[in-house]
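# A closer look at the structure
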2 protein chains.
Amino acid sequence: MATLLDVARAAGVSKATASRALQRPELVAETTRLRVQEAADRLGFHPNAAARALTTGRTGLIGLIVPTLSNPFFAPLVMGAQQAAEETESHLLIAVSEYHAQREAALADRLSEQADGLIMVTPVGTDTALRERFRRRPLVLVDRQVGRLPAVVADTAAGLTELLDHLLAQGHRDIAYVSGPADSWADEQRRTALAAQASAAGARVHVLGPLPPTFDAGIEASRALPDDATAVLAYNSYLTLGLLHGLGAAGRRVPEDVSLAAADDLSTLSATTPPVTALDVPLQEAGALAVTRLHELLDGHRRTVTSRLPAAPVLRASTAPPRGRR
Amino acid sequence: MATLLDVARAAGVSKATASRALQRPELVAETTRLRVQEAADRLGFHPNAAARALTTGRTGLIGLIVPTLSNPFFAPLVMGAQQAAEETESHLLIAVSEYHAQREAALADRLSEQADGLIMVTPVGTDTALRERFRRRPLVLVDRQVGRLPAVVADTAAGLTELLDHLLAQGHRDIAYVSGPADSWADEQRRTALAAQASAAGARVHVLGPLPPTFDAGIEASRALPDDATAVLAYNSYLTLGLLHGLGAAGRRVPEDVSLAAADDLSTLSATTPPVTALDVPLQEAGALAVTRLHELLDGHRRTVTSRLPAAPVLRASTAPPRGRR
DNA sequence: TTGTACGCGTTATCAG
DNA sequence: CTGATAACGCGTACAA
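Everything quoted here is computed from the prediction, not taken from an experiment.

### A word on the overall build of chain A
Within chain A, the regular secondary structure consists of 12 helices and 12 strands. Considering only C-alpha atoms, chain A reaches an extent of 85 × 35 × 30 Å along its principal axes. Going through the 326 residues of chain A one by one, you find that 52% of them count as buried. With the model as given, the accessible surface of chain A reaches about 14,200 Å², and the carbon-plus-sulfur share is 52%. The averaged location of the 35 negative side-chain charges in chain A is 5 Å from the averaged location of its 33 positive side-chain charges.

In structure tokens:
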């Protein structure tokens with residue numbers, strides 16, 4: 001590989017000038033800049049990442065920890081992050097925690113050694129561990145809020161609120177919320193928001209769970225729904241698909257007998273019969289934004305904001321007014 | 001961060017000895033080794049990756065390019081690779097090509113600058129480009145074979161052959177194969193194998209496609225199936241799900257009217273009605289093996305083997321003898 | 001505007 | 001078995 005010294009020689013300048021010509025063009029005479037640039041191009045020069053990292057103290061690597069990749073839910077998030085990383089000349093070091101707090105901690109430690117900072121999607125795991133981690137390394141949380149730590153969250157609670165408004169307007173008064181993992185931060189936000197909103201409107205939200213966010217758990221849940229519930233909201237798409245399946249098997253029709261909606265929107269939800277109302281979570285933006293936030297941190301911005309992204313309901317055929325109201 | 005020099009001082013030895021004590025313990029007296037180890041632990045020493053990379057010429061990073069993450073098909077592959085990487089103290093630099101050859105090339109170039117080697121899952125893209133790339137950097141292909149380049153492939157052609165045997169034994173004589181993307185290497189292997197096998201057995205394989213490997217394309221395909229086909233094999237799970245849906249909508253029952261099977265096995269295939277026969281592709285092993293192969297390359301093994309992994313049929317309720325034979 | 005010289009943290013070479 | 005010391009390739013004060 002051609003080194004900076006090679007380029008410098010070829011251009012008839014010193015290493016220092018060559019370096020400046022490429023990194024800080026404004027500090028160098030236009031003619032020499034051109035000469036160096038030409039030499040670099042001709043030799044196919046690429047600055048050695050390790051050497052640069054050694055002097056600058058920056059690796060240009062961003063650690064990204066996600067709970068799983070088996071749920072395509074996270075794909076857009078990763079894509080968004082990757083695109084943002086590309087634009088900032090950085091790379092993504094991706095690791096999968098499998099919803100396992102201990103494993104997640106180990107991965108985070110490992111990644112910290114190589115990465116400038118971390119982005120973590122960590123629905124489970126303790127606040128204090130995250131706080132502690134943030135003190136050592138720049139860290140941006142996704143879909144999770146811990147004190148004033150920098151975070152990017154999709155406001156699914158607000159989205160569900162909006163959705164509940166819609167259901168209330170349609171005449172629903174008894175709504176079931178099938179919740180997700182016990183320690184999910186987002187889930188708690190939602191339950192709180194829904195409960196407040198329902199009681200204000202003289203309606204009732206029946207909470208089922210906590211449950212693992214799986215198809216099978218959805219089938220189980222379909223058997224445990226309260227009799228008077230005319231609409232069901234579920235923590236995620238898998239639970240929702242399970243519910244749809246379970247309801248169908250039990251002879252309860254959607255939306256005639258019961259309305260159904262999900263708090264996230266996997267593409268399959270639009271291909272079921274009926275297509276299922278869901279919250280459109282802007283995951284790609286979230287991923288990109290997390291990278292941006294992280295770079296801000298790395299550049300010394302001390303303002304740690306948490307960005308809220310809107311999660312708007314996408315109304316499909318699975319939600320309709322309850323029986324009495326048609 | 002504590003540096004090697006700090007450790008050396010704390011242990012009362014030179015940098016050199018400290019380094020040896022940690023990296024090549026056998027070259028050092030047991031007592032000093034202990035002293036150094038203790039000092040390192042106490043100071044929480046972690047070797048600086050950049051510095052190490054600079055001297056050794058190895059970054060410990062492995063580039064992994066996959067076509068997409070939206071298809072959970074690739075999740076186990078990534079997991080397998082990640083676990084293998086962990087065991088060898090290396091990290092995964094993951095990038096998503098989105099089945100886009102040009103984008104893939106750009107990503108590979110970018111990754112090459114940081115990574116010791118590349119693992120590419122590249123169903124599309126030209127042979128010559130891959131050959132050229134291999135000459136510059138260690139490269140392992142997954143699910144794709146190009147000359148003698150190191151590769152890890154799941155033998156889905158053999159698996160389909162086995163499956164076809166089963167169908168033939170059940171009495172099927174006219175079988176449709178719904179094929180995937182036009183330039184898919186694996187797809188071509190399968191068509192060839194199936195055709196040979198069928199004609200040898202006096203049966204016929206009707207090829208549909210090429211098609212995009214999507215749910216919607218599966219629905220389309222269900223309308224274009226030859227009337228005499230009593231069994232349908234499909235390129236992947238999405239096409240299969242589409243076919244199942246389309247057949248159902250057209251009033252054709254699986255497996256009573258037509259048998260159905262997929263050449264890969266997404267978990268949803270076991271949750272449909274009926275559950276669908278599929279090829280169990282050992283993706284996790286493939287991912288792990290790719291990492292192992294790459295490390296061999298990096299360690300100078302010049303033997304470039306291509307590993308074939310067995311893809312065995314998992315028989316489920318979607319395949320049964322054709323009408324006449326029951 | 002350009003060049004010299006040093007430091008980043010580690011591993012490897014070569015004496016001792 | 002251990003200790004100096006020289007790389008590795010780059011960025012950047014500092015000097016010219």
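Still more to cover.
### Focus: the pairing of strand S11 (residues 306-310) of chain B
Residues and elements named next belong to chain B. With burial as the criterion, only one face of S11 is covered, namely that bearing Ser 307 and Leu 309; the residues Thr 306, Arg 308 and Pro 310 on the opposite face remain uncovered. Strand direction decides the pairing type here: strand S5 (residues 151-155) and S11, joined by five bridges, are parallel. When the sheet's bridge partners are listed, Val 153 is paired in S11 with Arg 308.

### Brief notes about the packing of aromatic side chains
All names here are of chain A. This structure, assessed with the given rule, holds two aromatic pairs over all chains. Relative to Phe 74, the ring of Phe 73 lies with its centre 5.1 Å away and its plane at 90°, an arrangement referred to as edge-to-face. The class of Phe 74 is buried, set by a relative accessible area of 5%.

### Brief notes about the protein's contact with DNA strand D
Around DNA strand D there are 24 residues in total, and Leu 4 and Thr 55 of chain A together with Thr 17, Arg 20 and Thr 32 of chain B lie nearest to it. Among all atoms of DNA strand D positioned within 4 Å of the protein, those belonging to sugar or phosphate total 57%. The contact in question runs from a phosphate oxygen of DNA strand D to an N or O atom on the backbone of Leu 4 of chain A, over 2.4 Å. A distance of 3.5 Å separates a sugar or linking oxygen of DNA strand D from a polar side-chain atom of Thr 55 of chain A. Counting residues per element, the ones that place at least two in the surface near DNA strand D are helix H2 (15-23) and helix H4 (49-56) of chain A together with helix H2 (15-23) and helix H4 (49-56) of chain B. Examining the composition of the surface near DNA strand D, we find that five residues originate from one element, H2 of chain A, more than from any other. Considering only residue class, the surface near DNA strand D consists of 11 nonpolar, nine polar and four charged.

### Regarding the relation of the copies chain B and chain A
Relative to chain A, chain B is turned by 180° and slid 0.1 Å along the rotation axis, the superposed coordinates differing by an RMSD of 0.2 Å. Taken together, the turn and the small shift mark the pair as related by a two-fold rotation axis. Looking at chain B, 100% of its interface residues are interface residues in chain A too, so the copies touch through the same face.

### Looking at the UniProt feature "domain: HTH lacI-type" (unreviewed entry) in chain A
Under the UniProt annotation, the feature "domain: HTH lacI-type" (unreviewed entry) is placed at residues 2-56 of chain A. Secondary structure over residues 2-56 of chain A splits into 71% helix and 0% strand, and the C-alpha atoms at its two ends are 20 Å apart.

### As for the pairing of strand S8 (residues 231-234) of chain B
All names here are of chain B. Residues Ala 231 and Leu 233 line one face of S8 and the alternating positions Val 232 and Ala 234 line the opposite face, and both faces are buried. In terms of strand pairing, strand S6 (residues 174-178) meets S8 through four bridges, oriented parallel. By the bridge assignment, Ala 176 is partnered in S8 with Val 232. Inspection of the sheet shows S8 paired to strand S9 (residues 259-262) by four bridges, in the parallel sense. Bridge pairing in S9 links Val 232 to Leu 260.

### Re the side chain of Thr 277 of chain A
Secondary-structure assignment places Thr 277 of chain A in strand S10 (residues 277-280). The residues contacting Thr 277 of chain A, other than those within four sequence positions of it, are Leu 163, Leu 260, Ala 261, Ala 262, Val 314, Leu 315, Arg 316, Ser 318 and Thr 319 of chain A.

### Concerning the sheet that holds S9 of chain B
Residues and elements named next belong to chain B. Pairing within the open sheet is mixed, and its six strands lie in the order S7-S6-S8-S9-S10-S12. The open sheet is flanked by strand S7 (204-208) and strand S12 (312-314), the only strands paired with a single partner. Neighbour-to-neighbour, the strand axes of the sheet open up by a mean angle of 25°, direction not taken into account.

### Brief notes about the sheet that holds strand S9 (residues 259-262) of chain A
Residue and element names in this part refer to chain A. Taken in spatial order, the six strands make up an open sheet running S7-S6-S8-S9-S10-S12, and their pairing is mixed. Whereas interior strands pair on both sides, the edge strands pair on one side only; in this sheet they are strand S7 (204-208) and strand S12 (312-314). Between one strand axis and the next, the sheet turns by 25° as a mean value, whatever way the strands run. Sheet topology note: the S9/S10 ladder contains two bridges and is parallel. For Ala 262, the partnering residue across the bridge sits in S10 and is Ala 278. Against the sheet, helix H11 (residues 237-249) touches strand S6 (174-178), strand S8 (231-234) and S9, its axis set at about 160° to S9.

Criteria and cut-off values
Residues numbered from 1 in each chain as written. Chains lettered and ligands numbered in written order. Predicted model: local features only at pLDDT ≥ 70, side-chain atom pairs only at ≥ 80, totals over all residues. Heavy atoms only, no water. Helix = DSSP H or I, 4+ residues; strand = E, 2+ residues; numbered from the N terminus. Buried < 20%, exposed > 50% of the residue type's maximum accessible area, 1.4 Å probe, protein only. Areas by Shrake-Rupley, 256 points an atom, 1.4 Å probe, with all protein chains shown as cover. Lys, Arg positive; Asp, Glu negative; His and termini not counted. Charge placed at Lys NZ, Arg CZ, Asp CG, Glu CD. Pairing = 2+ DSSP bridges. Phe/Tyr/Trp six-rings, centres within 6.5 Å; stacked < 30°, edge-to-face > 60°. Near = heavy atom within 4 Å. Polar contact = N/O pair within 3.5 Å; in protein donor to acceptor, adjacent residues only side chain to side chain. Nonpolar A, V, L, I, M, F, W, Y, C, P; charged D, E, K, R; others polar. Least-squares fit on C-alpha atoms with pLDDT ≥ 70 in both. Contact = heavy atoms within 4.5 Å. UniProt positions renumbered as here; feature names shortened; annotations may be inferred. Axes fitted to C-alpha atoms, helices over the stretch in contact; angles between N-to-C directions.

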